[in-house]
Amino acid sequence: MPVKLILMFSLGFAAFEWLPAFFRSESIYDSAQACELSQASCLQNNASIMLSDNIVHPLQPTTMTIRWPELPEETDTLLLTLEGHEMMMGQYQLQLTRQPDDSFSGELMLPFCTQDAMTWQGKITSDSGSLTPLYVSLRMTQ
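All of these numbers come straight from a predicted model, not from anything done at the bench.

Engineer: Explanation requested: unusual backbone geometry in the structure shown.
Structural biologist: Positioned with a positive phi, N46 is a non-glycine residue whose angle comes to about 65 degrees. Relative to the elements of secondary structure, N46 occurs in the loop between β2 (42-44) and β3 (47-51). Given the relative accessible area of 55%, N46 is considered exposed. Of note in the backbone geometry, D102 takes a positive phi value of approximately 70 degrees without being a glycine. Of note, D102 is situated in the loop between β6 (91-98) and β7 (104-108).

Written as structure tokens, this is what we have:
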């Protein structure tokens with residue numbers, strides 16, 4: 001018969017301070033400013049963001065395009081960071097690269113999820129860090 005080992009311990013209030021950052025919940029999303037992404041262009045902070053499809057499907061590529069005229073000319077990439085809203089799926093990151101027409105784009109391919117539908121929320125940041133992030137959400141269905 002296998003032996004079950006149960007280990008119980010308690011962390012006091014002061015112990016929380018030294019826990020690694022991945023144990024703490026820090027939101028990357030600001031719902032008050034967020035754009036719901038689709039084929040229609042969404043405007044935020046003088047930037048235009050859109051997807052090639054209205055609804056994203058897991059493991060199927062969808063192009064994201066951003067036009068952000070206020071970015072410095074030397075900015076070559078943007079970073080999209082997404083997290084699942086209904087289910088913890090870790091962070092999904094995508095680098096968006098500058099195109100000849102000065103837009104930024106990349107192929108979004110989200111992982112498979114056990115739920116029929118899920119919302120992904122996050123932000124788009126520039127490598128300069130001087131501009132306010134763009135907050136976005138998108139819907140994924142099977």
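Anyway, onward from the coordinates.
Engineer: Just to check I follow, could you spell out the pairing of β6 for this structure?
Structural biologist: Relative to β6, strand β5 (residues 77-84) runs antiparallel, the two being bridged by seven bridges. Each residue of the ladder has a partner; that of E83, found in β6, is Q91. Here β5 folds back onto β6, and the loop between the two strands holds six residues, one of which, G90, carries a positive phi near 75 degrees. What sits between the antiparallel neighbours β6 and β7 is a turn of five residues, in which D102 has the positive phi angle 70 degrees.

Engineer: Would you mind showing me how to read the pattern of salt bridges here?
Structural biologist: Between side chains of opposite charge, a pair can form when the charged atoms approach closely. Applying the stated criterion to the full structure yields three salt bridges. A salt bridge links D101 to R67; the shortest N-O distance between them is 3.3 Å. Taken together, the positions of D101 in the loop between β6 and β7 and R67 in strand β4 (residues 62-67) put the pair 34 residues apart, joining distant regions of the chain. With a relative accessible area of 45%, D101 lands in the partly exposed category. Classification of R67 by relative accessible area gives partly exposed; the value is 42%. For E86, the salt bridge is made with R139, and the minimal N-O distance between the two is 3.2 Å. Of the two residues, E86 sits in the loop between β5 and β6 while R139 sits in strand β9 (residues 134-141), which places them 53 residues apart along the sequence.

Reading the values: rules and limits
- Numbering of residues begins from 1 in every chain and follows the order in which that chain's sequence is written.
- Only residues with pLDDT of at least 70 are given local features in this predicted model, and only at 80 or more are side-chain atom pairs given and counted; all residues enter the totals for whole chains, interfaces and linings.
- The side-chain quantities take in all heavy atoms of the structure and omit both hydrogens and water.
- Numbering of helices and strands runs from the N terminus, with a helix taken as a DSSP run of H or I at least four residues long and a strand as a DSSP run of E at least two residues long.
- Note on exposure labels: buried denotes an accessible area under 20% of the residue type's maximum, exposed denotes more than 50%, and partly exposed covers the range between, all computed with a 1.4 Å probe on protein chains only.
- By this definition, two strands are paired if DSSP reports at least two bridges between them.
- The working definition used for a salt bridge is a side-chain nitrogen of Lys or Arg within 4 Å of a carboxyl oxygen of Asp or Glu.

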